[in-house]
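Take a look at the letters that make up each chain.
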Amino acid sequence: MRKISIRVSTTAIAVSALLTGAAIVSPVSAQKRVAIGATETISSHNPHGDSISMGYGIWCQVYGCLGYFDFASGSYKGMLAERWEVDAKDPNVWTFFLRKGLKRHNDGKELTSADVVHSFWRMKNDKQSRQTQNVKHVAKAEAVDKYTVRVTTKKPTAPLLEFLFDRVMITGKDLYDKHGPRDADRKFPLGWGPYKLKQIVIGQRIVLEKDETNPWATAGMPNELIFRVMREAEQRVTALLNNEIQIAQFIPPHLAGRISNASGADLVPTSSVELMFLAMSPKFKPWDNPVLRKAVCHAINRDGIIKAILKDQAQRLDAPIGPGQYGYDPKAAAAMKIDFNVAKAKEMIEKAGLKGTKVALSTPVGRYVNDKQVTESMIPMLKAIGLDATLKTPEWPTLWANVQKGKVPFYYMGRGGVVDPSPAFAQYFETGGSPRIGFSSAKVDSLLQKERATFDPEARKKIINEAFAEIVKEQPACFMWRHKLLYGISKKVAYTPTPTGRIWGSDIVVK
Amino acid sequence: MLQYIARRIFGTIPVIILISLLVFMLVQLAPGDPADLLLSDEATPEDIAAARERWGLNQSVYVQYWKFLTAALQGDLGTSFRYADPVLLMIGDRLPATIELAFFAIIIAIVFGIPLGVWAGARPNSWVDNVGSFFGFFGISMPSFWFGIMLILVVSGFLNLLPSAGRSTYGIADDPITGFYILDSLLYWNWKAVLDGLSFIILPAIALGTNMLGILMRVTRSSVLEVMHEDLVRTARAKGLSERKVLWRHAFRNALIPIITVVGLELGTLLSGSIIVETVFSWPGSGSLLIEAINSRDYPLITGTVLAYTLMFVIINLTIDIVYAAIDPRIRFEK
Amino acid sequence: MKTLQPWLKPKIVVGGVFVLMLCFMGVFAPLISPYDPNAQDLLKTLQPPGWWGSEHFLGTDHVGRDILSRIFFGARISLVIAVTVVLISGVVGVALGAVSGYFAGRVDFGIQKLVEVVWAFPPLLLAIAIVAFFGQGLGILMIALIVQRWIPYCRVARGQALSLRTRDFVDAARSLGASDPRIIWFHILPNLLQAALVIGTFAMASAIISEASLSFLGLGVPPEIPTWGSMLADGRTYISTSWWLALFPGLCIFFTVLGINMLGDGMRDIFDPRLKRSGSGMG
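These numbers were taken from a predicted model, which means no experiment stands behind them.

Caption draft 1: Representation of the overall build of chain B. From N to C terminus, chain B includes 14 helices and zero strands. Walking chain B from its N terminus toward its C terminus, one meets helices and strands in the order α-α-α-α-α-α-α-α-α-α-α-α-α-α. Expressed as lengths along the three principal axes of its C-alpha atoms, the size of chain B is roughly 80 × 60 × 40 Å. For chain B, the residues scored as buried account for 53% of the 335 residues in total. Sequence separation of 24 or more characterises 73% of the internal contacts of chain B that already satisfy a separation of 6 or more.

Caption draft 2: Structural view of the environment of L278(A). Considering the arrangement of structural elements, one finds L278(A) in strand 13 (residues 275-280). L278(A) has contacts with V296(A), Y412(A), A477(A), C478(A) and M480(A), leaving out every residue within four places of it along the chain.

Caption draft 3: Geometry of the pairing of strand 7 (residues 148-153) of chain A. All names here are of chain A. Along strand 7, the buried face is formed by V149, V151 and T153; none of T148, R150 and T152, which line the opposite face, is buried. Across five bridges, the pairing between strand 5 (residues 93-98) and strand 7 is antiparallel. Bridge pairing in strand 7 links F97 to T148. Between strand 6 (residues 138-145) and the antiparallel strand that follows it, strand 7, lie two residues.

Caption draft 4: Examining the interface of chain A and chain B more closely. At the interface, 44 residues of chain A touch 39 residues of chain B. Of all the secondary structure elements, the ones that give two or more residues to the side of chain A that touches chain B are strand 8 (195-201), strand 9 (205-210), strand 10 (224-229), helix 6 (233-241), helix 13 (396-404) and helix 14 (422-429) of chain A. The element that contributes the greatest number of residues to the side of chain A that touches chain B is helix 13 of chain A, accounting for seven residues.

Caption draft 5: Structural detail: the interface of chain B and chain C. At the junction of the two partners, chain B supplies 47 residues and chain C supplies 48 residues. The element contributing the most residues to the side of chain B that touches chain C is helix 12 (residues 256-280) of chain B, with nine residues. The class makeup of the residues in the side of chain B that touches chain C is 31 nonpolar, nine polar and seven charged.

Caption draft 6: Examining the sheet that holds strand 7 of chain A more closely. Residue and element names in this part refer to chain A. Strand order in this open sheet of four strands is 4-5-7-6, and the pairing throughout is antiparallel. A strand with exactly one partner marks an edge of an open sheet, and here the two such strands are strand 4 (81-86) and strand 6. Strand-to-strand, the axes of this sheet are offset by a mean angle of 20°, without reference to chain direction. Examined bridge by bridge, strand 4 and strand 5 share five bridges and lie antiparallel to one another. In the strand pairing of strand 5, W84 is matched with F96. Strands strand 5, strand 6 and strand 7 of the sheet are contacted by helix 3 (residues 113-125), whose axis makes an angle of about 170° with strand 6.

Caption draft 7: Fine view of helix 9 (residues 228-236) of chain C. Counting buried residues in helix 9 of chain C gives nine out of nine residues, a clear majority hidden from the surface. Turning to helix 9 of chain C, its buried residues are W228(C), G229(C), S230(C), M231(C), L232(C), A233(C), D234(C), G235(C) and R236(C).

Caption draft 8: The arrangement of unusual backbone geometry in detail. All names here are of chain A. P286 follows K285 through a cis peptide bond whose omega is -5°. Along the chain, P286 turns up in the loop between strand 13 and helix 8 (290-299). The phi dihedral of Q475 is positive, around 55°, even though this residue is not glycine. As for its position among the elements, Q475 is in the loop between helix 16 (457-474) and strand 18 (477-490).

About the cut-offs
Residues numbered from 1 in each chain as written. Chains lettered and ligands numbered in written order. Predicted model: local features only at pLDDT ≥ 70, side-chain atom pairs only at ≥ 80, totals over all residues. Helix = DSSP H or I, 4+ residues; strand = E, 2+ residues; numbered from the N terminus. Buried ≥ 20, exposed ≤ 12 C-beta atoms within 10 Å, placed from the backbone. Contact = placed C-beta atoms within 7 Å. Pairing = 2+ DSSP bridges. Nonpolar A, V, L, I, M, F, W, Y, C, P; charged D, E, K, R; others polar. Axes fitted to C-alpha atoms, helices over the stretch in contact; angles between N-to-C directions.

Structure, rendered in structure tokens:
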């Protein structure tokens, strides 16, 4: 979780520049190639054409982005932006100060504020952009001078960096103007990041090559980074043990043993920032009855499932979020905990006259770690408290479309990318956020609005927890766990994966 | 004959248009929305509405279809929602991988399936028949997704002989000419790349071809078995031809009709089967493309890929009918 | 005893025993199953086969269900699916194929256009569309499987009928004034049955396997109904660590295919007089 090389203090730059210099002089092992077996891949040459986590990571290493969230310190760090500030008088005005003297791959053009402004514009207006949501809070971005960009938001937005840092790729305005979007992306994919884009074969692999002159390029990091698409878990494990790849993403819990027993590779867990939950929409009968929602939360044996099916590779969630996520407070979380209590749940169901109520739990298949197995095991638990429960396994696009339209009363789902919980909770629990759960509470709404307008971190965390407590009281969802994501790492490299699923070449050291 | 072929080709045009209409309606009516699926989890309803507008999804299906059809007739199948590339280009990129895979799968099926079937059919109930049939049943009852994973585990994993995923190693091949990796490498005389390509294609080709092998073996066996008792074989035998000549020159030749029919049918199944095998082996072909397109409800890409498949099926069927006529002059196409 | 003798060939006996056993398993599943096929036990997940005298003869699956009981109940559903799908698609396919090939010309053209349109559809897309519209269910699944499965019969039958219609014995029947339906029924159809039987015997397997593939995509039968296909699809996840999950349903499918094919082969030896006459000389 240490992000040694993309740290942006002046000394670090000086050090890495030194290291880079050393790398050029000394004949380091010429080809240090690290291959990564990934489940997902970029689907477009356009750096704004994807919104998958891994893609953000890849593009940020090629084009460069303003900054990133550092999990080790729990704070934001700059990359292309040296520093940033919020206007003391007007919380809508943010200023980003770019690092000076950054030279682009091949042609050496310097990064300027015009490029940043252009990138904001392109993300919003490119027909193929799949990242418009990241700039939706931005009313305008303008260049103050060559190295300063002023961003004005529509409403005061405390979690702005969550959107603007490693999700906004900074691309060259000159290349776009000269060659047009298609050729700029395909023929001139040049940027200010530590890696050059060498090859994209969509559906097969992405190859990055270290730019030795880049300030973030270090001697230890691989010269070549190959992201290979390997969707089958068995395949990733096999390839890792064969040394076909050195890093294998997302090992399901039941295959963990194959790696930990092998001599050539280690199993490295990382907590994820994906919240798994059971959603119960109060819009539908019988879920409008809070007693039923609460009883269901008491009925699920989360520890039992984590042990038997997830093989201990998950962290139980007592509060809506867990350790490491922004605003987590262990004391507040302990107060929100819901115990596993079949007798109580059964009694609640009986008293409310809900015995024998038909409920159908919908689950995706193969989208989350052991999702079908997990939900299969919940059915007898729901039956045990007197509900007539069945499991539905619709095809994902169908399920997701219905969830998004608010047509599924009871489902198992995950919400990924929750570093700062603000966007996710507004989306699921604020009135008008989205129809997914169909929950509406004036109190929760006002707390979530207040949280977004509060810039003092401590005060904001407190309000976030108040909102959580209110949600847990109403229980439109049972928060289950966060999966520990397992990576298989060859003994030939040292790497600590990050919870966001982005893989930084600068974090990999070839032994 | 030429007239027949011309008429057949002309006759496929309405079929293709009909299918394009069906696919278009089907994908639009099926639940699921590309804007929901392709935008990030954080997209707001406004983002989704904007994407729908951009992709022309807010127009009526008929208007959309008309636009699609007129563009398609000018050689433009639209732009993929997910990959932001012209559909025609994407299919051109991916289809050769699938054809290459299918080609090797068929070779495997034919090279093993037909001789096994002929021998088994010539000597029913002998040990050749029993062993051959066992393999045949094995092939028929083996789901490709299961067999594929077994191959990865055993051949790449346990024996460590062949790579487990993908189509090529980075940095060996030259720029593509035809898109057929092995053929391209041959054209460059790049033997290292040829071997590399072969090492990647063997496992998926076996996984894909095994089912066809089994079916082919069984069908060949039964056709040969039947023909062996017809007069022409008895006549040939009576003429004193060696058993081997009787078998291959007469019996096999006359058993060809059902065999070719099945090969033709199975080619279709094979192309569909490639969807699963390509997913298991992360083979970058049009089958895995189609499944990704379906999973993201990428309407133009689904329609385009299905049409490409349709065209191949139609060509296969036509070829088979011509082959029928060539090997069995008794077939008359006009009443 | 003498009349029974041709039936006592090893093929028929072995194949028959397999098929009877499978039917027995399916029919008497509730009586012979040691456990409720859906009863879970999270404390006893992924237990290896314990064989005789243990709690779970074939072990347990990922949520602790007894595999043997699921195999028995699975036999029911899987066999129902296979038989229904093969029968309906076979009858439809052979009938259309015979008509198409016999009449040739316009009729053939029309039917073959239909075949082309249906066949050119990627089956997965069609299945998704059907299941998405009508919801998950056993009946829906069978419809999704039948929609395209009649085509192989139709194509093969047509190919043969095209060839048969010009043969002497058909010409002879025609010159004697036999009507078209009569010729199709008495002269064409009997000659198509062999090939249809061969297709049918392997189509059983492919129906069971397709059900597995659809289950894997979440489009199969609802998850509480155990089928061999869905067991195989679920077990595939655990293939390298808990082999028994996928092996036993896989073996069941294999033996079903084997049994049905052996029985089919044996029956043909008996019923086909041509084979009987000269077949002995070949064996």
